[in-house]
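Each chain is listed here by its residues.
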Amino acid sequence: YVQSGHADYLDTDQLRELAALPGCRIGSHGMHHYRLTELDEETLIRELAGSRHWLEDFLSRPVTAVAYPSGAVDERVRAAAARCGYTLGVCSRAGINRGVHDPLRLRRTEIVGRDTPRVFSQKLRGAWDWRGVA
């Protein structure tokens, strides 16, 4: 949605500013936010590769991480992400990642702007992974 002009999303200037922050890494989220598990092979590759290439061209840096839209990933999507050059992928499954987790199927905890410093710290320690998924 970077190019959409919609006020709820970063625009190109904001994306460039964010990418310039020390330690910040920009990843892909697909071209159109389609649920990747529902796409045919050609559209799936176009979504993954197109987003990655657009970001790399725009930012002049490698993009090797993807956050699967809607957290939807299966073995076919995971394999397509690897073929498109991604080395890190995150879904919406909550929990802590241990050394045995597939780097293209990492779990994540949502961090939002309204999180207080205390809540943010708790989330970083895994305290909000209440489902006990480890």
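Residues numbered from 1 in each chain as written. Predicted model: local features only at pLDDT ≥ 70, side-chain atom pairs only at ≥ 80, totals over all residues. Heavy atoms only, no water.

Student: Is there a simple way to explain unusual backbone geometry in this structure?
Tutor: Comment: phi is negative for the bulk of residues other than glycine, and the bulk of peptide bonds are trans. In this model, histidine 33 sits at a positive phi of 65°, which is unusual for a non-glycine residue. Classification of histidine 33 as partly exposed rests on a relative accessible area of 31%. (Buried < 20%, exposed > 50% of the residue type's maximum accessible area, 1.4 Å probe, protein only.)

Student: Can you walk me through the nonpolar core in this structure?
Tutor: A general tendency of soluble globular proteins is for nonpolar side chains to be buried together. In this structure, Leu36, Leu44, Leu48, Tyr68, Ala81 and Tyr86 are the most contacted members of the largest nonpolar core, which totals 15 residues. Those elements that provide at least two residues to this core are helix H2 (41-59) and helix H3 (75-83). Those residues in contact with alanine 81, other than ones at most four positions away along the chain, are Leu48, Val66, Tyr68, Tyr86 and Leu104. Listed in part, the 7 residues of the second largest apolar core include Leu15, Ile26, Leu59 and Val63. (Core = buried A, V, L, I, M, F, W, Y, C linked by side-chain atoms within 4.5 Å. Helix = DSSP H or I, 4+ residues; strand = E, 2+ residues; numbered from the N terminus. Contact = heavy atoms within 4.5 Å.)

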